[in-house]
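A closer look at the structure
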Amino acid sequence: MDRQEIMLQSKIGSKATYHRCLKQLNSWDYIHYLPSHNPYKGSKIRMLIFDTSSKQVLNKHETSTEQALVPNTNITKQKENINKTKLPKNEFEVFVFFKSKKWPSIEASKFYNHYQAIGWKIGGKIKIEDWQASASNWMLKAKELETKNAVFHKKDNLRTSKQKNYGQPL
């Protein structure tokens with residue numbers, strides 16, 4: 001039997017629920033679940049034979065010799081890069097990265113303290129996948145803010161006079 005047929009018969013709609021039930025049945029020793037972790041190869045399940053005979057059967061397992069076919073819908077799914085470190089190990093690692101980009105250590109400290117305070121999340125919800133990319137974005141935004149502040153201080157956008165007549169209606 002394949003997973004979809006078992007899920008249909010047992011009225012389970014989610015793969016996560018299916019796998020959780022298999023793991024629980026395995027932990028309760030009703031079945032012996034041997035996951036394959038290979039999309040082309042099916043997992044193996046060994047189960048005791050429940051019979052209505054009067055004699056007791058101990059440790060008799062039945063296994064199928066057939067290969068379980070697994071659909072190949074997610075073959076083209078991109079594999080996660082395991083070489084990338086998701087979060088910096090310490091503040092020194094951030095200092096080294098900022099120094100390699102020729103940025104002052106105060107900016108590295110600002111970056112590290114900011115993201116450490118918010119739990120290395122973007123918008124309070126999404127965990128940061130690549131902290132170096134976030135640091136690069138931090139540097140770009142710091143440059144933009146620096147240029148905006150420099151331009152903003154030189155301009156007088158309000159164009160108001162110092163002498164005001166509050167008695168005059170708008």
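Residues numbered from 1 in each chain as written. Predicted model: local features only at pLDDT ≥ 70, side-chain atom pairs only at ≥ 80, totals over all residues. Heavy atoms only, no water.

**Structural notes on the packing of aromatic side chains**
- This structure, assessed with the given rule, holds nine aromatic pairs.
- Both rings, one in Tyr112 and one in Trp120, keep their centres 5.9 Å apart while their planes meet at 65 degrees; by these two values the pair is edge-to-face. (Phe/Tyr/Trp six-rings, centres within 6.5 Å; stacked < 30°, edge-to-face > 60°.)

**Examining the environment of Ile128**
- Among the structural elements, Ile128 can be located in the loop between strand E5 (126-127) and helix H5 (131-154).
- A residue is classified by how much of its surface remains accessible, and Ile128, at 4% relative accessible area, is buried.
- For the pair Ile128 and Tyr115, spaced 13 residues apart in sequence, the C-alpha to C-alpha distance is 9.3 Å.
- If sequence neighbours within four positions are ignored, Ile128 has contacts with Lys86, Leu87, Tyr115, Trp120, Lys121, Ile122 and Ser134. (Helix = DSSP H or I, 4+ residues; strand = E, 2+ residues; numbered from the N terminus. Buried < 20%, exposed > 50% of the residue type's maximum accessible area, 1.4 Å probe, protein only. Contact = heavy atoms within 4.5 Å.)

**Description of the nonpolar core**
- Val94, Phe97, Phe98, Phe111, Trp120, Trp131 and Ala135 are the most contacted members of the largest nonpolar core, which has 14 residues in total.
- Among the elements of the structure, helix H3 (91-100), helix H4 (105-117) and H5 are those that each provide at least two residues to this core.
- Dropping the residues within four chain positions of it, Phe111 is found in contact with Val94, Phe98, Trp120, Trp131, Ser134, Ala135 and Trp138.
- Grouped together as the second largest cluster of nonpolar side chains are six residues, Met7, Ile12, Tyr18 and Tyr33 included. (Core = buried A, V, L, I, M, F, W, Y, C linked by side-chain atoms within 4.5 Å.)

**Points about the pattern of salt bridges**
- The final tally for this structure, using the stated rule, is one salt bridge.
- For Glu107, the salt bridge is made with Lys110, and the minimal N-O distance between the two is 3.4 Å. Remark: Lys110 and Glu107 occur in helix H4; sequence separation between them is three residues, near one turn of the helix. (Salt bridge = Lys/Arg side-chain N within 4 Å of Asp/Glu carboxyl O.)

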